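Structure at a glance
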Amino acid sequence: MAEDFILSLRGITKTFPGVVALNDVSISFRKGEVHALLGENGAGKSTLIKTVSGALTPDTGVIEIDGHRYERMTPALSKKCGIEVIYQEFNLVEPLTVAENMFLGERTGKTFNLKSYCEKAQRIFDEWGIDLNPAAEVMCLSPGKKQLVEISKCLCHHIRILVLDEPTAPLSTTEVEILYRIIEKLKAAGVTVIYISHRMEEIFRITDRVSILRDGQYVATEETAATDRKQLISLMVGRELKESYPARGKEPGEEAFRAEHLSGNGDRDISFTVRHGEVYGLAGLVGAGRTELAQVIFGIAPREEGKTFINGKEVQIQSAGRAIREGMGLIPEDRKFLGCLQELSIAFNISLSALKRICSGLLINRKKETALVNTYSQRLQIKAPSMKQEVKNLSGGNQQKVVLAKALAADPEILIFDEPTRGIDVGAKQEIYRLMNELAQQGKAILMISSELEELMGMSDRIGVIYEGCFAGELERGEFDQKLIIGLASGMKREEIV
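Residues numbered from 1 in each chain as written. Predicted model: local features only at pLDDT ≥ 70, side-chain atom pairs only at ≥ 80, totals over all residues. Heavy atoms only, no water.

1. Concerning the overall build of the protein chain
From N to C terminus, the protein chain includes 19 helices and 22 strands. Relative to the globule expectation of 23 Å for 498 residues, the C-alpha radius of gyration of the protein chain, 24 Å, shows essentially globular dimensions. Based on the C-alpha atoms only, the size of the protein chain along its principal axes is roughly 70 × 50 × 50 Å. Going through the 498 residues of the protein chain one by one, you find that 54% of them count as buried. Of the contacts formed within the protein chain by residues at least 6 apart in sequence, a portion of 65% connects residues at least 24 apart. Per element, the accessible surface of the protein chain, about 22,500 Å² overall, is 50% carbon and sulfur. Mean positive and mean negative side-chain charge positions of the protein chain (63 and 69 charges, respectively) differ by 5 Å. (Helix = DSSP H or I, 4+ residues; strand = E, 2+ residues; numbered from the N terminus. Rg over C-alpha atoms; globule rule 2.2 N^0.38 Å. Buried < 20%, exposed > 50% of the residue type's maximum accessible area, 1.4 Å probe, protein only. Contact = heavy atoms within 4.5 Å. Areas by Shrake-Rupley, 256 points an atom, 1.4 Å probe, with all protein chains shown as cover. Lys, Arg positive; Asp, Glu negative; His and termini not counted. Charge placed at Lys NZ, Arg CZ, Asp CG, Glu CD.)

So, in structure tokens, the structure goes:
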């Protein structure tokens, strides 16, 4: 019934130069429900929620809140209506404390009383079961803790509609459970939660209904209990995805990379090998030291002890430039700050790591550059009206493809993929899996870091496990077992688990 809807979007259309981001989209949200919003990267999800928050003004359409019609929202009006949005990217003042971030802009008198606000923040943490120190500086927190600060900021206000955009991406397992408890309490209090996630297990665990967008258009709304993963994926991508993980028919070859007793950046005495044509998975809990290890290997962080070898020859890699010259490529976990230059074009980013291939003397050969950019943009199916478009204006999935294209343009033999599918939709995941499979078939050596066990077990030939900066064990494909991997990642001995 119409009176059940707290928020209705009717005929929302939003265009950008060369792109129709939303095309006549109409969706309604009930009071006190958890409503998932699904779609491939570029489907229009982020644009839709920005029209709700007032960050964007739709070209046409109406937003109805409690029966009141608005042709556009503003951030102030959105707040007044009780709408809070937590975006994928953090919106925090890092040098300030947790409490200062939570109550930024609020004052009692002429000064900001930190002690008073720390006490106020602690009461909120106690009420919602959040493990945070209100006096801690945000810059010193893990990504998961920063996400909890973002959630806590919203809990300070009178929420009627809460939008969560990929909220669990930076969270540990424990922190995810905290988020689920918060959502249940909000739902019980009559708050509507709009939940954007590419993780299907979350959708089926916590949501009541699911709406799907595809290519900027509304597709369908389903009761979560009455649908399944296969149907939702089909609605999202408009086609059936028959295989989650592509099979490789070729056995790995000779050793491509070897680390011997590697220490640095918080990791200690780590040894392993990766072969040509192999995907070597690296498992571990959040904060275990996997990304830190990748940074040491690639020369971003200093090595304290140990040796590294490429094709049997010892190499001293002390910078990212040296790593690239030695035939290595890195797809970093943080694509926004480390993966690409957001303010510059797709073409600039792709060609950046392959200047030697496209330069004639000191000048860039534009013909070679165009050919290079076209090759990799087509190979990775980057969706953009032009290769001159700034990367910041792309969807998350297409930004990730630019990072991949940038790394591949240098034609590396050894590739480090750090959380390559984080925040990526099902269809884009398939494209990345297919690409990784093709690279392995070509004889490339791949080190893959992932927090998704199903992904690790589906893609890897072998899996190494990191626990608190140390190597906890290695599994061959025939040994893959979720319980065993989690046990090793939690500090248990193999004999204690089996």
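There's plenty left to go through after this.
2. Digging into the sheet that holds strand β21 (residues 462-467)
The strand order across the open sheet built from six strands is β16-β19-β20-β13-β21-β22, with neighbouring strands paired in mixed fashion. In the strand order of this sheet, the two ends are held by β16 (328-331) and β22 (470-476), each with one partner. Ignoring which end each strand starts from, the neighbouring axes of this sheet average 20 degrees apart. Here β21 pairs with β22 via six bridges, running antiparallel. Among the inter-strand pairings, Gly464 is bridged to a residue of β22, identified as Glu474. The strands touched by helix α15 (residues 396-408) within the sheet are β16 and β19 (414-418), with β16 carrying the most contacts at an inclination of about 175 degrees. In this fold helix α18 (residues 482-489) packs onto β13 (279-283), β21 and β22, with an angle of close to 30 degrees to the strand it touches most, β21. (Pairing = 2+ DSSP bridges. Axes fitted to C-alpha atoms, helices over the stretch in contact; angles between N-to-C directions.)

3. Things to note about helix α1 (residues 45-53)
In an α-helix, one full turn covers 3.6 residues, which means residues spaced three or four apart are oriented alike. Among the nine residues of α1, seven are classified as buried, and the element is accordingly described as predominantly covered. Buried residues of α1: Lys45, Thr47, Leu48, Ile49, Thr51, Val52 and Ser53, and no others.

4. Let's talk about unusual backbone geometry
For Asn311, which is not glycine, the phi dihedral falls at a positive 55 degrees. Looking at the element boundaries, Asn311 is found in the loop between β14 (305-310) and β15 (313-315).

5. Looking at the nonpolar core
Counting 51 residues, the largest nonpolar core has Val98, Ile130, Leu155 and Tyr195 as its most contacted members. Counting residues per element, this core draws most heavily on helix α6 (residues 173-188), which supplies seven residues. Setting aside its immediate chain neighbours within four residues, Ile130 contacts Phe125, Leu148, Ser152, Leu155, Ile178 and Ile182. Counting residues in each nonpolar core, the second largest holds 34 residues, with Val279, Ala354, Ala405 and Leu415 among its members. (Core = buried A, V, L, I, M, F, W, Y, C linked by side-chain atoms within 4.5 Å.)

6. Quick word on the packing of helix α5 (residues 143-155) against α6
Two numbers describe how α5 lies on α6: the axes approach to 11 Å, and their chain directions differ by 15 degrees. Taken together, the axes of α5 and α6 lie roughly parallel to each other. Crossing hand, α5 versus α6: left-handed. Across the interface between the two elements, Gly144, Lys145, Leu148, Ile151 and Leu155 of α5 pack against Glu175, Ile178, Leu179, Ile182 and Leu186 of α6. Each residue belonging to the contact of α5 with α6 can be placed in one class, and the counts come to seven nonpolar, one polar and two charged. (Parallel < 35°, antiparallel > 145°, perpendicular 65-115°, else oblique. Left-handed = near helix turned anticlockwise from the far one by under 90°. Nonpolar A, V, L, I, M, F, W, Y, C, P; charged D, E, K, R; others polar.)

7. A look at the side chain of Arg209
Among the structural elements, Arg209 can be located in strand β9 (residues 209-214). Residues contacting Arg209, with those up to four places away along its chain left out, are Phe5, Ser28, Phe29, Arg30, Glu33, Val34, His35, Ala36, Thr221, Glu222, Glu223 and Thr224.

8. Here we look at the packing of aromatic side chains
What characterises a pair of aromatic rings is the spacing of the ring centres plus the angle enclosed by the ring planes. Here the structure, examined in full by the defined rule, presents four aromatic pairs. Between Tyr245 and Tyr433, the ring centres sit 5.1 Å apart and the planes meet at 45 degrees, which makes this aromatic pair tilted. Here Tyr245, found in the loop between α8 (229-237) and β11 (255-264), pairs with Tyr433, found in helix α16 (residues 426-441); they are 188 residues apart in sequence, far enough to count as distant. A network of ring pairs unites the aromatic residues Phe257, Phe272 and Tyr280 as a single cluster. Across the ring face of Phe309, the terminal group of Arg258 is positioned such that the distance to the ring centre comes to 4.0 Å. (Phe/Tyr/Trp six-rings, centres within 6.5 Å; stacked < 30°, edge-to-face > 60°. Lys NZ or Arg CZ within 6 Å of the ring centre and 35° of its normal.)

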